[in-house]
Amino acid sequence: RPLFSLLDQSFAGLAGAVQRGDAAAADLALSRARRTEPALESWKRSLESARAVASVSPWLATVRPRFREEAELVAVADLITRHARLIARRVAYLTRDGTTHPDLADLLEEAAHMVRLLGRTPEDRAARYAALPVALALAERLAPAAAVGIAEQTVVVQLRPLVVDVLVSLGLSGDDARGSLPAF
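Chemist: I'd like to hear about the overall build of the chain, residue by residue, with values.
Modeler: Broken down by element type, the chain carries 8 helices and 0 strands. Each helix and strand of the chain, ordered N terminal to C terminal, gives the series α-α-α-α-α-α-α-α. Taken over the C-alpha trace, the chain has a radius of gyration of 17 Å; the compact-globule value for 184 residues is 16 Å, and the two agree within 12%. Along the first, second and third principal axes, the C-alpha atoms of the chain reach 60 × 35 × 20 Å.

Chemist: So what's going on with the pattern of salt bridges? Residues and values would help.
Modeler: Per the counting criterion, the structure on display carries 14 salt bridges. As a salt-bridge pair, Asp 8 and Arg 116 come within 2.9 Å of each other at their nearest N and O atoms. Of this pair, Asp 8 sits in helix H1 (residues 2-20) while Arg 116 sits in helix H5 (residues 102-120); the two residues are 108 residues apart in sequence, bridging distant segments of the chain. For Asp 8, a relative accessible area of 17% translates into the label buried. A salt bridge links Lys 44 to Glu 41, with the nearest nitrogen and oxygen atoms 3.6 Å apart. Pair noted here: Lys 44 and Glu 41 are both in helix H3 (residues 36-56), with a separation of 3 residues, about one helical turn. One continuous salt-bridge network, built from bridges that share partners, spans Glu 41, Lys 44, Asp 78 and Arg 82.

Chemist: Which residues make up helix H2 (residues 23-34), and what values go with them?
Modeler: Relative to the 16 Å expected for 12 residues at 1.5 Å per residue, H2 spans 16 Å between its end C-alpha atoms, a close match to the ideal helical length. Burial in H2 covers these residues: Ala 25, Ala 26, Ala 29, Leu 30 and Ala 33. Looking straight down H2, one finds that the buried residues subtend no more than 140° of arc, so they occupy a single side. Contact partners of the buried residues in H2: H1, H3 and helix H4 (64-94). Two or three places before Ala 24, at the start of H2, stands the capping residue Asp 22, its side-chain oxygen 3.1 Å from that residue's backbone nitrogen.

Chemist: Can you tell me about the packing of aromatic side chains, naming the residues and giving the values?
Modeler: Counting across every chain of the model gives 1 aromatic pair. For the ring pair Phe 4 and Trp 43, a centre distance of 6.1 Å and an interplane angle of 75° mean the geometry is edge-to-face. Taken together, the residues span a long stretch of sequence, with Phe 4 in helix H1 and Trp 43 in helix H3 at a distance of 39 residues. Overall, the relative accessible area of 4% leaves Phe 4 in the buried class. The class for Trp 43 is buried, based on a relative accessible area of 11%. A cation over a ring is seen here: Arg 160 above Phe 184, with NZ or CZ 4.4 Å from the ring centre.

Chemist: Residues and numbers for H3, please.
Modeler: With 21 residues, H3 extends 31 Å between its outermost C-alpha atoms, agreeing within 8% with the 30 Å of an ideal straight helix rising 1.5 Å per residue. Every buried residue of H3 is accounted for by Thr 36, Ala 39, Leu 40, Trp 43, Leu 47 and Ala 54. The arc enclosing the buried residues of H3, seen along the axis, measures out at 95°, which places them on a common side. Across from the buried face of H3, at angles greater than 90 degrees, the exposed residues are Pro 38, Arg 45, Glu 48 and Val 56. The secondary structure elements touched by the buried residues of H3 are H1, H2 and H4.

Chemist: Please give an account of the side chain of Arg 85 that cites residues and values.
Modeler: Mapped onto the fold, Arg 85 is located in helix H4. In this structure Arg 85 comes out as buried when scored by relative accessible area, which is 17%. Each residue touching Arg 85, except ones within four places of it in the same chain, is listed here: Leu 30, Ala 33, Arg 34, Thr 36 and Glu 37.

Chemist: Explain the nonpolar core to me, and be specific about the residues and the numbers.
Modeler: Judged by nonpolar contacts, the single largest core of 59 residues is most densely connected at Phe 4, Phe 11, Ile 80, Ile 87, Leu 108, Leu 159 and Leu 162. When residues of this core are traced back to their parent elements, those giving at least two are H1, H2, H3, H4, H5, helix H6 (125-140) and helix H7 (150-169). Here the element with the most residues in this core is H4; it accounts for 12 residues.

Rules behind the numbers
- Residues numbered from 1 in each chain as written.
- Predicted model: local features only at pLDDT ≥ 70, side-chain atom pairs only at ≥ 80, totals over all residues.
- Heavy atoms only, no water.
- Helix = DSSP H or I, 4+ residues; strand = E, 2+ residues; numbered from the N terminus.
- Rg over C-alpha atoms; globule rule 2.2 N^0.38 Å.
- Salt bridge = Lys/Arg side-chain N within 4 Å of Asp/Glu carboxyl O.
- Buried < 20%, exposed > 50% of the residue type's maximum accessible area, 1.4 Å probe, protein only.
- Expected span 1.5 Å × (residues − 1).
- Arc of directions from axis to C-beta.
- Contact = heavy atoms within 4.5 Å.
- Polar contact = N/O pair within 3.5 Å; in protein donor to acceptor, adjacent residues only side chain to side chain.
- Phe/Tyr/Trp six-rings, centres within 6.5 Å; stacked < 30°, edge-to-face > 60°.
- Lys NZ or Arg CZ within 6 Å of the ring centre and 35° of its normal.
- Core = buried A, V, L, I, M, F, W, Y, C linked by side-chain atoms within 4.5 Å.

Below, the structure written as structure tokens:
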């Protein structure tokens, strides 16, 4: 999936940027996050077209449930894309001074791993089960008070709804997903 590849590259690039305090790397990751929109729109159009054909074709009746799963994945990919752009803009600002943020880099690398697993779920059912503990572990680490400085805390706060959306897509209720986050 090109979209999930771009999202993975964006989050991994953000992790590297804050690890090294590299503004150029953060700008590259931001540009990757911005390039997700055309890939997402193309996927939505393709899915809509395929669903339309399948709705009238008796030969494609067996694949209709697969299209429902694909629509759910597109919906969460849309949310992840929005979060990625927001987080990338903040990280691009954060890295302007060249300061390193190793703890934040770990969180962003874990987010990249979570997105990578989620992107593999259509072809690999085991990836869906592997993504849940990764997302829960990340959620447990998203205490804004643990971050150093307001700029770093802002990125942590922006990661929280990303993780909640992924957890909901993996089957948790909204209340359970939000409950997995540490209190402010």
